[in-house]
Amino acid sequence: MPNKKEFCTVRSCFLFFFLISIFNLQGQKLDILLKGGHLIDSKNAVNSPMDIGIADGMITEVKTNISVKSAKKVIDLTGFYVTPGLIDMHVHVFMGNEPGAYIADGATSVMPDGFTFRSGVTTVVDAGSSGWRNFKLFKEQTIDKSKTRVLALLNIVGTGMRSRFEEQDVSDMNPVMTAHCISKLFPDILVGIKAAHYWGDFKQVDLAVEASTRAGVPVMVDFGEHDPPNSIESLFMEHLRPGDIFTHSYSYGPKQRETIVDENGKVKPFVFKAQERGIIFDVGHGGGAFSWRQAVPATEQGFLANVISSDLHTQSMNAGMKDLTNVLSKFMAMGVPLTDVIHRATWAPAQVISRPDLGHLSVGAEADIAVFKMQEGDFGFLDVRGKRIKGTKKLEAELTLRAGRIVWDLNGLGAVDFEK
């Protein structure tokens, strides 16, 4: 049995180590420290190695040499690129099983969480799958259940993209109800209006613009499926406004859709003027809307879409598109710098949809972060017609954080090693 003096010594040691442990816990103010990665953040003009400290789901520090003693978990990202979580501004995620449905509540759409985090995407914008009549079902069925942040463009057609036939129903293109759904009911989720797949003249676009004027949001237009094609010069200069969006910019289907590059391989002069005017050009790769014969000459002549997006759905992800990182890699294969492609999938779309809280790594922002490895080798990239170009670099998502939580970890960068 210890004597009084020995007991006091033991008690003193216990108290000392207890106080030290409390001090250490208090000193660990960060939940996660991302250490040594090369940050690319166009909003803040960052393109260099820096550390990121995360606490309570938010970015609390961005600087060089943050002390590892301040963090509960330290992840060494030396040799990796760290970017804001990608924003995919054109997807279709209103998945369902309604008989006969195409994209709205149909099997062509996908559940976002299965296809976002693994490619570094933390925010998606559903591009008009639903209209005001079925948006509440979309919200309940998908948006409310997803870890991915799901925003949406509301279709000018009340039933959204249920089928090509419903999308021709002018009587269901209601600017008042569409605008009301956006501005009065769901202003935090609905960030724009979609006009798509219309076989007629400019009527659908004009009704969408009317609704968007009422709601104070941009319009995205998919201007295909007109036979003969309608004039995109008229669309850009007479019907759309600065801030409105033209999607499927590199599509080639000259019998139904006027192209931005003519048959001689030259970008039409009014396309540059439209972009200067403020028309936003979106890639919207999809299953049928990205052709090398448009993208390569356009890029070589200095025309580049403002936003790079995937048009994710079942018919695109298993064909030439793959995922958003693959689409970004395609632009690198055409000579576009990494910083430029990351900008077009982060801060650029955030500005287009008026969400300045997204797409950057500022202190105080929610910790939506993507970590990429740049693979080097001999790669092939397909367009929607099965044509290939080769590249030597390809992005691969290694780690994705959504609101400060690891939601994708390809090789266990954030894990502890197993010990027997």
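> Go over the overall build of the protein chain, please, and point to the residues and values.
A count of helical and extended segments in the protein chain gives eleven helices and 17 strands. Projected onto its principal axes, the C-alpha coordinates of the protein chain cover approximately 100 × 45 × 40 Å. For the protein chain, the proportion of its 420 residues judged to be buried stands at 55%. When the accessible area of the protein chain is evaluated, it comes to approximately 18500 Å², of which 53% is carbon and sulfur surface. Between the averaged position of the 45 positive side-chain charges in the protein chain and that of its 48 negative side-chain charges there is a distance of 5 Å.

> Just give me the short version of empty space enclosed by the protein, but keep the residues and values in it.
Counted according to the given criterion, the structure contains two cavities of 30 Å³ or more. Its volume calculated, the largest cavity comes out at about 60 Å³. Tallied by class, the residues present in the lining of the largest cavity amount to six nonpolar, three polar and two charged. Its boundaries defined by the atoms lining it, the second largest cavity holds a volume of some 30 Å³. Residue composition of the lining of the second largest cavity, by class: two nonpolar, four polar and two charged.

> Describe the pattern of salt bridges, and please don't skip the residues or the numbers.
This model, assessed by the stated rule, comprises 21 salt bridges. A salt bridge links E366 to R149; the shortest N-O distance between them is 2.6 Å. Here E366 is found in the loop between α11 (347–352) and β15 (369–382), whereas its partner R149 is found in strand β10 (residues 149–155), with 217 residues between them in sequence. Its relative accessible area of 33% is what places E366 among the partly exposed residues. What makes R149 buried here is its relative accessible area of 10%. One network of salt bridges, with partners in common, ties together R149, E366, D368 and R402.

> Run through the nonpolar core, naming residues and quoting values.
Soluble globular proteins: nonpolar side chains tend toward being buried together. Y250 and F331 are the most contacted members of the largest nonpolar core, which has 84 residues in total. Ranked by the residues each element gives to this core, the list is headed by helix α4 (residues 203–215), at six residues. Y250 has contacts with I260, V283, A289, F290, S291, Q294, A295, A298, F303, L304, A305 and F331, leaving out every residue within four places of it along the chain. Ranked by size, the runner-up nonpolar core spans 18 residues in total, among them L39, M50, I54 and L77.

> Can you break down the confidence of the model for the protein chain residue by residue, with the values?
Summary statistics for the protein chain give a mean pLDDT of 94 and a share of 94% for residues scoring 70 or more. For the protein chain, helix α1 (residues 4–27) is the element with the lowest average pLDDT, namely 46, and strand β14 (residues 280–281) is the one with the highest, namely 99. Below pLDDT 50 for its whole length, residues 13–26 participates in zero contacts with residues either more than four positions away or in separate chains.

> Now, about the packing of helix α5 (residues 232–239) against helix α6 (residues 269–277): what can you tell me, with residues and values included?
Relative orientation of the contacting elements α5 and α6 amounts to 25°, with a least axis distance of 10 Å. With respect to α6, the element α5 is oriented roughly parallel. Handedness of the α5/α6 crossing: left-handed. Contacts from I232, E233, F236 and M237 of α5 reach α6 at F270, K273, A274 and R277. Of the residues belonging to the contact of α5 with α6, the class tally is five nonpolar, no polar and three charged.

> Just give me the short version of helix α7 (residues 292–300), but keep the residues and values in it.
Buried residues of α7: W292, Q294, A295, P297, A298 and T299, and no others. Once α7 finishes, G302 follows within two positions and takes phi at roughly 95°, a positive value.

> How would you sum up the side chain of S212? Please name residues and give values.
Turning to its location among the elements, S212 is positioned in helix α4. Under the relative-accessibility criterion, S212 is labelled buried at 1%. Ignoring anything within four residues of it in the chain, the contact list for S212 reads I193, V217, P218, V219 and R241.

> Describe the packing of helix α3 (residues 175–185) against α4, listing the residues and the values that go with them.
Across the interface, α3 lies against α4 with an axial gap of 8 Å and an inter-helix angle of 35°. Of the two possible hands of crossing, α3 and α4 adopt the one that is right-handed. Residue-level inspection shows P175, V176, T178, A179, I182 and S183 of α3 in contact with α4, the latter providing L207, E210, A211, R214 and A215. Here the contact of α3 with α4 is composed, by residue class, of seven nonpolar, two polar and two charged.

> Describe the packing of aromatic side chains, and please don't skip the residues or the numbers.
This structure, assessed with the given rule, holds 16 aromatic pairs. Summarising the aromatic geometry, the rings of F202 and F223 are spaced 5.4 Å apart at their centres and angled 40° between planes, so their arrangement reads as tilted. Of the two residues, F202 is situated in the loop between β11 (190–196) and α4 and F223 in the loop between β12 (219–222) and α5; the sequence distance between them amounts to 21 residues. Of the residues examined, F202 reaches a relative accessible area of 15% and is grouped as buried. Consider the rings of Y250 and F290, whose centres lie 5.9 Å apart with planes at 75°: the pair is edge-to-face. Highlighted residues: Y250 in the loop between β13 (245–246) and α6 and F290 in the loop between β14 and α7, separated in sequence by 40 residues. Residue Y250 is classed as buried on the basis of its relative accessible area of 0%.

Parameters at a glance
Every chain's residues receive numbers from 1 upward, in the order its sequence appears when written. Whole-chain, interface and lining totals are the exception, using all residues; otherwise, since this is a predicted model, local features are given only for residues with pLDDT of at least 70 and side-chain atom pairs are given and counted only at 80 or more. Heavy atoms from the whole structure form the basis of all side-chain values; hydrogens and water molecules are not counted. In this description a helix means any DSSP run of H or I spanning at least four residues, a strand means any run of E spanning at least two, and both kinds are numbered starting from the N terminus. Whether a residue is buried, partly exposed or exposed follows from its accessible area with a 1.4 Å probe, protein chains only, as a fraction of its type maximum: under 20%, in between, or over 50%, in that order. The Shrake-Rupley method, run with a 1.4 Å probe, gives the accessible areas here. Residue values count only the displayed protein chains as cover. This count recognises Lys and Arg as positive and Asp and Glu as negative, with His and chain-terminal groups excluded. Where a charge lies is defined by one atom per residue type, namely NZ (Lys), CZ (Arg), CG (Asp) and CD (Glu). A 1.4 Å probe that fits but cannot get out identifies a cavity on a 1 Å grid over protein atoms alone, an open set with protein on both sides within 12 Å along at least five of seven lines counts as a pocket, and a residue lines either if it has an atom within 4 Å of a point. Grid points are joined across faces, edges and corners, and a volume is the space filled by probe spheres set on the points. Three residue categories are used. Nonpolar comprises Ala, Val, Leu, Ile, Met, Phe, Trp, Tyr, Cys and Pro, charged comprises Asp, Glu, Lys and Arg, and polar comprises the others, including Gly. Here, a salt bridge means any Lys or Arg side-chain nitrogen found within 4 Å of an Asp or Glu carboxyl oxygen. Residues enter a nonpolar core if they are buried and are Ala, Val, Leu, Ile, Met, Phe, Trp, Tyr or Cys, with the set joined through side-chain atoms within 4.5 Å. Two residues form a contact once any of their heavy atoms are found within 4.5 Å. pLDDT expresses, on a scale from 0 to 100, how confident the predictor is about each individual residue. To get an axis, fit a line to the C-alpha atoms, keeping to the stretch in contact for a helix; angles then go from 0 to 180 degrees between the N-to-C directions. If an angle is under 35 degrees, it is roughly parallel; if it is over 145, roughly antiparallel; if it lies from 65 to 115, roughly perpendicular; otherwise it is oblique. Handedness of each helix crossing follows the sense of rotation of the near helix against the far helix: counterclockwise by less than a right angle gives left-handed, clockwise gives right-handed. For Phe, Tyr and Trp, where Trp contributes only its six-membered ring, two rings pair if their centres lie within 6.5 Å, and the inter-plane angle classes them as stacked under 30 degrees, edge-to-face over 60, or tilted in between.

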